[in-house]
Amino acid sequence: MRGGVLDCGTMATVLALEPSCDETAVAIMRGRDLLASEVSSQTQLHQPYGGVVPEVASRNHLVFAPRLLETATRTAKISLGEIDCFAATSGPGLATSLMIGASIAKGLAIASGKPYLAINHLEGHLLSPFFEGHAEVEPNVSLVASGGHTLLVEVHSVGKYCVLGRTLDDAAGEAFDKVAKMLGLGYPGGPEIERCARKGNATRFSFPRSMLDSRDHNFSFSGLKTSVRYTLEKLHSLGDEQLLADLCASFQAAVVDVLVQKTIAAAKASGASLVTLSGGVSCNNYLRREIESAARRSGLRFIAAPRALTTDNAAMIAFAAQLRFRDGEKSDVREEIDPNLVLA
Ligand code: KG4
Ligand code: ZN
């Protein structure tokens with residue numbers, strides 16, 4: 001895979017770790033080229049608990065991270081001595097998970113006398129639409145929709161962000177996950193709902209489109225989730241396959257309608273000419289299609305994160321680190337992780 005942005009003269013080699021939740025990931029980038037991107041998912045391990053257990057996650061990061069480091073360096077045909085900068089996600093995320101990635105990156109940086117860079121997970125998502133084939137990060141209004149966050153951000157340049165709006169309760173991905181659970185579908189719920197929705201009628205149930213008239217750029221998805229619960233209670237049984245498909249399609253349409261309309265409104269309000277999309281929920285084909293055509297109708301350009309970089313991965317962290325390293329930045333190894341890190 002080939003990334004974008006860097007001047008041809010800049011050929012720094014960056015190794016990044018991203019273990020902010022239940023995915024352990026390591027990536028190596030040399031200049032524009034992604035030499036290795038390894039992700040080890042713990043989804044199966046957490047399934048019996050019905051959600052991510054921080055203690056289980058961190059213990060498994062400790063097992064997986066050294067293995068992924070070995071695989072990544074082998075795949076990249078590189079030795080640790082050739083790395084110019086070690087980066088890790090410093091937040092937001094689970095404290096005990098973040099600590100593992102940051103400790104490893106700091107240890108490697110100290111041992112090799114190379115710089116360490118702390119990267120905000122949200123910045124990783126936010127910049128990922130520019131990963132492939134873009135000459136520079138352009139000003140844009142960005143929708144980051146994941147399992148933990150739903151943000152609208154005005155991006156001026158690398159490191160210059162203004163959060164326009166965020167969810168007041170559940171994140172969009174969280175709503176997909178919770179509704180999937182109610183419907184007896186697996187985790188993560190987003191891909192399950194998208195799959196079921198393919199054969200469904202999105203107009204059969206009219207679920208609420210919250211906050212469309214709120215005159216701000218915030219979101220709320222908890223009312224929608226409650227509305228699905230009430231509908232389910234009235235239906236009693238989910239035995240009918242078509243019924244399940246219609247529920248999924250109607251729910252998906254409600255989430256996507258709100259995401260699309262609020263993003264386009266934010267772009268128009270801020271005078272942006274470009275809209276970008278990233279985060280786990282941006283994997284959703286219906287969302288990608290709808291936001292792209294709404295942007296086109298409004299005369300806006302649109303870029304989505306490459307599909308492989310939508311859910312959590314270390315390539316997006318390596319990419320953000322490349323951009324910051326190019327700009328001469330480095331972090332203090334005494335800098336602590338921050339589970340509640342905000343985008344600033
Ligand atoms: O970015 P991500 O991997 O992790 C966080 O930073 O939270 O996002 C994971 C979220 C989950 O909630 C998952 O259900 C959602 O992304 N997701 C999707 C799809 N694929 C993943 N949501 C809707 N449609 C999808 N196809
Ligand atoms: Zn994420």
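Residues numbered from 1 in each chain as written. Chains lettered and ligands numbered in written order. Predicted model: local features only at pLDDT ≥ 70, side-chain atom pairs only at ≥ 80, totals over all residues. Heavy atoms only, no water.

Caption draft 1: Structural detail: the domain arrangement of the chain. On domain assignment, one finds that the chain holds domain 1 (13-128 + 310-326) and domain 2 (138-305). Taking only C-alpha atoms into account, the centre of domain 1 sits 27 Å from that of domain 2. At the interface, 16 residues of domain 1 touch 19 residues of domain 2. At the boundary of domain 1 with domain 2, total buried surface from both sides reaches about 1,400 Å², with 69% on carbon and sulfur atoms. By the criterion of area lost to domain 2, the three top residues of domain 1 are Leu122, Leu126 and Thr310, representing 43% of everything that side buries. Put simply, domain 1 and domain 2 have three residue pairs in polar contact (both at pLDDT 80 or more) between them. Of all the elements, helix α4 (residues 121-127) adds the most residues to the side of domain 1 that touches domain 2, at five residues. (Domains from an automatic or database assignment. Contact = heavy atoms within 4.5 Å. Buried area = accessible area lost by both parts, 1.4 Å probe. Polar contact = N/O pair within 3.5 Å; in protein donor to acceptor, adjacent residues only side chain to side chain. Helix = DSSP H or I, 4+ residues; strand = E, 2+ residues; numbered from the N terminus.)

Caption draft 2: Spatial organisation of the pairing of strand β10 (residues 301-304). Across four bridges, strand β9 (residues 274-278) lies against β10 in parallel orientation. Note on β10: the bridge partner recorded for Leu274 is Arg301. What joins β9 to β10 is helix α9 (residues 285-297), and the crossover it makes is right-handed. (Pairing = 2+ DSSP bridges. Right-handed = clockwise from strand over helix to strand, strands pointing away.)

Caption draft 3: Geometry of the pattern of salt bridges. Inspection of the entire model under this criterion finds 16 salt bridges. Across the pair Arg301 and Glu138 runs a salt bridge, and its minimum N-O distance is 3.0 Å. Here the residue Arg301 occupies a position in strand β10, and Glu138 occupies one in the loop between α4 and β6 (140-145), the gap between them amounting to 163 residues. For Glu138, a relative accessible area of 27% gives the class partly exposed. Across the pair Arg195 and Glu192 runs a salt bridge, and its minimum N-O distance is 2.9 Å. Residue Arg195 and its partner Glu192 are located together in helix α6 (residues 189-197), separated by three residues, close to a single helical turn. Classification of Arg195 as partly exposed rests on a relative accessible area of 45%. (Salt bridge = Lys/Arg side-chain N within 4 Å of Asp/Glu carboxyl O. Buried < 20%, exposed > 50% of the residue type's maximum accessible area, 1.4 Å probe, protein only.)

Caption draft 4: Helix α10 (residues 315-326), seen in detail. Taking 1.5 Å as the rise per residue, α10 with 12 residues should run 16 Å; its terminal C-alpha atoms sit 16 Å apart, in good agreement. Where burial is concerned, most of α10 is hidden: 10 out of the 12 residues are buried. Listed as buried for α10 are Ala315, Met316, Ile317, Ala318, Phe319, Ala320, Ala321, Gln322, Leu323 and Arg324. (Expected span 1.5 Å × (residues − 1).)

Caption draft 5: Region of interest: the coordination of the zinc ion (ligand 2). Looking at the metal site, the zinc ion (ligand 2) is ligated by His121 (NE2), His125 (NE2) and Asp312 (OD), spaced 2.0 to 2.1 Å from it. Spacing between the donor residues of the zinc ion (ligand 2) along their common chain follows H-x3-H-x186-D. Of this pair, His125 sits in helix α4 while Asp312 sits in the loop between β10 and α10, and the two are 187 residues apart along the sequence. Judged by its relative accessible area of 0%, His125 falls in the buried class. (Donors = N, O, S within 2.8 Å, 3.2 Å for Na, K, Ca; no water.)

Caption draft 6: Structural detail: the pairing of β9. For β9, the buried fraction is high: five of the five residues fall into the buried class. Residues Leu274, Thr276 and Ser278 of β9 are buried on one face, and the alternating residues Val275 and Leu277, pointing to the opposite face, are buried as well. Bridge count between β6 and β9: four bridges; the pairing is parallel. Its bridge partner being in β9, Val144 is matched across the sheet by Ser278.

Caption draft 7: The arrangement of the side chain of Ser210 in detail. Within the secondary structure, Ser210 sits in the loop between α6 and α7 (222-235). Excluding anything up to four places from it in sequence, Ser210 contacts Ser220 and Val258.

Caption draft 8: A look at α7. For α7, built from 14 residues, the straight-helix expectation of 20 Å at 1.5 Å per residue is met to within 8% by its first-to-last C-alpha distance of 20 Å. Looking only at α7, the buried set comprises Leu224, Lys225, Ser227, Val228, Thr231 and Leu232. For α7, the buried positions fall inside an angular range of 160 degrees around the axis, keeping them on one side. Among the exposed residues of α7, those oriented more than 90 degrees off its buried face are Tyr230 and Lys234. Within two residues after α7, His236 carries a phi angle of roughly 65 degrees, on the positive side. (Arc of directions from axis to C-beta.)

Caption draft 9: A look at the site of ligand 1. Near ligand 1 lie 20 residues; those nearest to it are Gly147, Asp177, Gly190, Glu194 and Asp312. Contact distances for ligand 1 include 3.4 Å between an oxygen atom and a side-chain N or O atom of Ser146. Separating an oxygen atom of ligand 1 from a backbone N or O atom of Gly148 is a distance of 3.1 Å. About the coverage of ligand 1: the protein hides 90% of its 560 Å² of free accessible area. A molecule is said to occupy a pocket when more than half its atoms come within 2 Å of that pocket's grid points, and by this definition ligand 1 occupies the largest pocket. Here the shell around ligand 1 is composed, by residue class, of five nonpolar, 12 polar and three charged. Counting contributing residues, the shell around ligand 1 receives three or more from each of domain 1 (13-128 + 310-326) and domain 2 (138-305). (Near = heavy atom within 4 Å. Areas by Shrake-Rupley, 256 points an atom, 1.4 Å probe, with all protein chains shown as cover. 1 Å grid on protein atoms, 1.4 Å probe; cavity = no way out; pocket = protein on both sides within 12 Å on 5 of 7 lines; lining within 4 Å. Sits in = over half its atoms within 2 Å of the grid points. Nonpolar A, V, L, I, M, F, W, Y, C, P; charged D, E, K, R; others polar.)

Caption draft 10: Molecular detail of the layout of surface pockets. Size it by volume and the largest pocket reaches roughly 1,200 Å³. Around the largest pocket sit 40 residues that line it, and Gly147, Gly148, Asp177, Tyr187 and Pro188 are the ones nearest its centre. Among the elements of the structure, α1 (43-46), α4, α5 (172-182) and α6 are those that each provide at least two residues to the lining of the largest pocket. Looking at the lining of the largest pocket element by element, the count peaks at six residues for α5. Within the lining of the largest pocket, the residues separate by chemical class into 12 nonpolar, 19 polar and nine charged. When residues of the lining of the largest pocket are assigned to domains, at least three map to each of domain 1 (13-128 + 310-326) and domain 2 (138-305). (Points joined across faces, edges and corners; volume = space filled by probe spheres on them.)

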